[in-house]
Each structure stands twice: as C-alpha cells, then as structure tokens.
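Descriptive analysis of the structure
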Amino acid sequence: MQKFEIERLMPSPTQDTKPYWDGLLEGRILIQQCAGCDTYRHYPRPVCPECHSMKFDWRDAAGHGTVHSWSVSHHAFHPAFKKDLPTAYITVDLPEGVRLCAPLRGGDPADIAMGQALELGTELLAEDLATPVVRFAES
Amino acid sequence: MSGLFEKGAISGIGETEYSRNSGRSSTTLQMEASLEAIADAGLSPRDIDGVIPYATGDTVAEDFITNLGLPDLRFSATTPLGGASVLASVQAAICAIDAGVANHVLIPIGRNGASGSAGRIGDRVQNLPQFRVVGEFEMPMGQIAPAQLYAHMARRHMESYGTTSAQLAEVATTIRSHALLNDNAIMSEPMTLEDHQNSRMIADPLRLYDCCLESDGAAAVIVSSAERARDMAQTPVYVMGIAEGHPDSPSTITQRPDMTTLGTAKAAPRAFEKAGVSHGDIDVAEIYDCFTYIVLCQLEDLGFCKKGEGGDFVGGGRIALGGELPVNTHGGLLSQAHMIGLNHVVEAVRQLRGDAGRAQVKDAEIGLVTGYGDMGDGTVAILRR
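These remarks concern the structure in this document. Computed from a prediction, not measured in an experiment: that's the story for all the values here.

As for the overall build of chain B
- When helices and strands are counted, chain B shows 14 helices and 11 strands.
- Relative to the globule expectation of 21 Å for 385 residues, the C-alpha radius of gyration of chain B, 19 Å, shows essentially globular dimensions.
- Along the three orthogonal principal directions, the C-alpha set of chain B runs to about 55 × 45 × 40 Å.
- Here chain B holds 385 residues, and 63% of them are scored as buried.

Notes on the sheet that holds strand S1 (residues 30–34) of chain A
All names here are of chain A.
- Strand order in the open sheet formed by 3 strands is S2-S1-S3, and the pairing between neighbours is antiparallel. The strands lining the two open edges of the sheet, one partner per strand, are strand S2 (40–41) and strand S3 (56–60).
- Where S1 lies against S3, 5 bridges are found, and the strand directions are antiparallel. Paired with Ile31 across the two strands is Arg59, which belongs to S3.

Focus on the environment of Ala364 of chain B
Residue and element names in this part refer to chain B.
- Mapping Ala364 onto the fold places it in the loop between helix H14 (342–353) and strand S10 (366–373).
- A sequence separation of 282 residues divides Ala364 from Gly82, and the C-alpha atoms of the two residues are 29 Å apart.
- Beyond its immediate sequence surroundings of up to four residues, Ala364 is in contact with Asp283, Val284, Gln351 and Leu352.

Looking at the packing of helix H7 (residues 165–179) of chain B against helix H11 (residues 292–301) of chain B
Residues and elements named next belong to chain B.
- Where H7 meets H11, the axes come as close as 8 Å, and the angle between the chain directions of the two elements is 95°. The angle between H7 and H11 falls in the class roughly perpendicular. Counting all contacts with H7, which are made through Gln167, Leu168, Val171 and Ala172, the residues of H11 involved are Thr292, Tyr293, Val295 and Leu296.

Details of the interface of chain B and chain A
- If you look at the interface, chain B gives 28 residues, while chain A gives 32 residues.
- Elements represented by at least two residues in the side of chain B that touches chain A include exactly helix H5 (132–137), helix H6 (146–161) and strand S5 (201–204) of chain B.
- Looking at the side of chain B that touches chain A element by element, the count peaks at 6 residues for H6 of chain B.
- Among the residues making up the side of chain B that touches chain A, the classes are represented as 12 nonpolar, 9 polar and 7 charged.
- Both strand S4 (residues 64–73) of chain A and S5 of chain B contribute to a ladder of 2 bridges, which runs antiparallel. Looking at the pairing, Val72 of chain A lines up with Asp204 of chain B of S5 of chain B.

Remarks on the pairing of strand S5 (residues 87–93) of chain A
Residues and elements named next belong to chain A.
- Counting buried positions along S5 yields 6 of 7 residues, so the element is predominantly enclosed.
- Two strands pair when backbone bridges link them, and S4 and S5 are joined in this way by 7 bridges, in the antiparallel orientation. Within S5, the residue paired with Trp70 across the bridge is Ile90.
- Of the strand pairs in this sheet, S5 and strand S6 (residues 99–103) are connected by 5 bridges, and their pairing is antiparallel. Looking across to S6, one finds that Val92 is bridged to Leu100.
- Counting the residues between successive antiparallel strands, the hairpin from S5 to S6 contains 5 residues, one of them, Gly97, with a positive phi of roughly 95°.

Concerning the pairing of strand S8 (residues 237–245) of chain B
All names here are of chain B.
- Across the 9 residues of S8, 9 count as buried, placing the element largely inside the fold.
- Two strands pair when backbone bridges link them, and strand S1 (residues 8–15) and S8 are joined in this way by 3 bridges, in the antiparallel orientation. Residue pairing for S8: Gly8 is matched across the bridge by Val239.
- In the sheet, S8 pairs with strand S11 (residues 377–384) via 7 bridges, with the strands oriented antiparallel. Across the sheet, Tyr238 pairs through a bridge with Arg384, a residue of S11.

Rules and cut-offs
- Residues numbered from 1 in each chain as written.
- Chains lettered and ligands numbered in written order.
- Predicted model: local features only at pLDDT ≥ 70, side-chain atom pairs only at ≥ 80, totals over all residues.
- Helix = DSSP H or I, 4+ residues; strand = E, 2+ residues; numbered from the N terminus.
- Rg over C-alpha atoms; globule rule 2.2 N^0.38 Å.
- Buried ≥ 20, exposed ≤ 12 C-beta atoms within 10 Å, placed from the backbone.
- Pairing = 2+ DSSP bridges.
- Contact = placed C-beta atoms within 7 Å.
- Axes fitted to C-alpha atoms, helices over the stretch in contact; angles between N-to-C directions.
- Parallel < 35°, antiparallel > 145°, perpendicular 65-115°, else oblique.
- Nonpolar A, V, L, I, M, F, W, Y, C, P; charged D, E, K, R; others polar.

Next up, the structure:
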C-alpha cells in the first residue's frame, strides 16, 4: 500500500547511483571515496571534482554526524507524507566531510539544535526502497 | 551616466491581467503579452527574429513562429535556471544581438501556476530536469517543494546570524504595501506583522506569508541593440551590466559548503563592474522574491549589506517606497503575481520610464533587477533610462 502511495516519487537510479540505493536496502549508507586523492563525495557522481579521477571506492559511513541545519515540514507536498506531519528534516555534517539529509525519527523537532550529535540509520519505505533516517545520539 | 557594457536595451514590455484562474491557456496568455510588448516597442511581429521561451514551460519557439507569423526566426535558445532564467535570457539575447545573430529578441513567460493542469509547485518540480539530483536523493523522503528545501538555508542563517521571523515579516509586509498601489496585483489587502506571524507554518521557519503566490498570466519583453533602441517608440532602458552566477553545489543545498550564500554573490560583482556603478547609485531594486528569506539573502549577496546583516537591513522602512532602497515596487512574486520574475523586469522598465504610477520612485534613473532559482542560481541586471 505504502509502495503505491509513493510510486511517483520512487527514484530511478542510474549506473552511477545504484550501489548507493542497493546499500540502503542492506541497511548500509555508502559514500564514494576517490581512489586518487581519498576525498569523499556525495551525492554519487562519476568524477572527483578535486583531482578528476574517475576511480573510486564505496565506503560505509561512520554512522554518526552533527546538525548543520534543519527544517520542520508542517505541510506535505505529496499525500504519502501527510501521516508523518510535522516532519523534521535534518542536514547532517558527517565526519567524512560530506552531508546527508534525512528525516528525524523518534525525537521531538523542538529539541533540535545546531551541532547536536546524531546517529544514522535506514528505514524501508517500500519493498524495494530504503532511505536514510537520523535519531538523536544517546548521551 | 552610461554603462561600460551597455550593448542592449529593453525596448518593449507587455503584461496580461494576473489572476488565480485565467481560464485561458498559457500559450494564449503569452501571445497576448508578446503582442503587447511588440506593439509597445513600435515593432511589427515580423520584426522579431529571436525568441527565448521559458525552458521548462509548455510553449516553444515554434509556437511563436506559428502564432505571430514570424517569417525568419534566426535565434532561439533556452536558459534553464528556474527563477534566474529570465535575466539569463536577457543576457543571452544581448550576446546574440551583439554577435549580429538577431536584431529584436522576444522573451515571454506565461503560466497557469494557480489553475493549470501541470499542478502546483509540489507536482511541477518533480518534472524539472534541473531537479534531478534532489529528485533522486531527497524527494523520496518527502522533501519535495522549494519551501522545504530552502528552509534549511533560512534556518542556518537564523542560527548563524540571529535573523528572526519578524525580520522576514518585514519583507512580506513591505512588499504587500507596494502591491496595494498596483491595480494588477493579486493581493489587495494590507498585511501586518501579526498577520504574518499568525499565518500557518509551511516548512519551519517559513510560514505561508513567507512564500510567494501561485498565479496565472503572462509577461513579455523585447531586447534590442542599444543603438537601435534609441530610435524606437519608447524611452529605451539600457542594460548597463548583467551577469549570472551558479553557487557551489548548484544541484543540492544539502552539500553546499556555505548554504547562506547564493550564486548571486558571484554574479553581483560582475554586473556592477560591467555597469560601472556602485550600490549608492541604485534608485530602485526589483529583487526575486519566491520567499522572504531569499530577498534578505540576496541583499547581502548583492553587497547592499554584509553577510548576516540582511535582517537589520530590511527594517526601519529602508526597502519601502520612500526609503533608501525601495524593493519590489510592484508587489513582487509575494503579492503581485508569480511570473518567474519577468514581472520584476517589466516593473523596473516602468520605473525607469517614469510610468510606475502610484509606486513611482521619484527621478529613478538606475534600477537593479535580480533572478533566483533552481536551488541557488542567481542573476543580476543593472538598468538605466
């Protein structure tokens, strides 16, 4: 049922991005690391903007980060997301030097603060779609 | 004063009535606005030899040839920069004119944003090719509309610089007060700070009254060479300087190193340098206002104040008519209509011709217009009469 609701928003991965989506289905958040200069990049793309190497490896994210910014949606722009309102989306600074954007699960949006520690996770949205989520880190 | 660049001029303008339900196709609306702009310039449709349709609209160059009977279209292009497209189109038109490819370039915009079958913003953005990255990586989580995506920039600005919702309200209420002077503005009731603060939250920190309208209608301008424009029907409005800028991480705000800086920061110094003028020379500014925060941020990126000082800058009546820098004298996207910023160009031309009616800035000689779109692209034009 849920799969049907978000059908129009289902991503269409390319050869460049499919490993990222496959990783999420396994509960892993994979980030590209350049094989030429070791720089991480996200979202997935074929060329390193630093050294222009096209060789890279997929690395598992360390699994934690901190709040860079956030927003709290009180209006759903697609019916599939009405049941979750209000929904906080957090821009997360990762130790790898890239960012992630993901909805907050299991916490009150009013408690979000800049620099706050977060843990990364994944959740299944449909049989063949998983996306990242974040939770407040246990202190 | 003449600009250092100054190879092109806006020689004609046209606008339809703006509404929430036109009952007419966007092609029909655009043809009406185009014919008005062509007549305003003192031209015949047969004189139009260049056209730049909106990149992600439903009307293409061929439609203008067919409807207007253009005998020999020599130049067509599109500039897919969302709300920054319009001025990128003016820049492209001037390049084509200066290269001798075309003489008179038509730039039309039309849409049924409020009533159309393409749906409202949450639906439309899913089909924009420039939204591919956000479409793949962020929309599946429910982060779909610009309000949701841009809210991260506004929140970061608030946390970094102490910017407040009341300061965003200053932008909304000031621009509304200007719309009340415009007979072709959709919003016709005053807005107070309390009205703004009581409007429902859309994507915190952006409230309903921080967001622009969805509208039906069309606008059009004609760009001609500066030299030709001198002998045409209207007082020419010369393009002293114009530039486009793309932000770092242009496709996604999430990965942008400094999410409080737009492409405008790269475009502005180029536009001012080409124009050979300074900020104090600007008499009136028509600033792309898809959201109140985007106005505040552009004023910083344009160099009217330092980064982080936009909240203070917009207060105290500075951006109101009669203030130091009147902004969006027509009511903008927030309160006149969302014509993707072509209504900002039309208003700047009216101001510089002295035809702005009750919103006329006295003795306005030099105006600044911006475009903004697609997660952070910025365009800037400096015009003079």
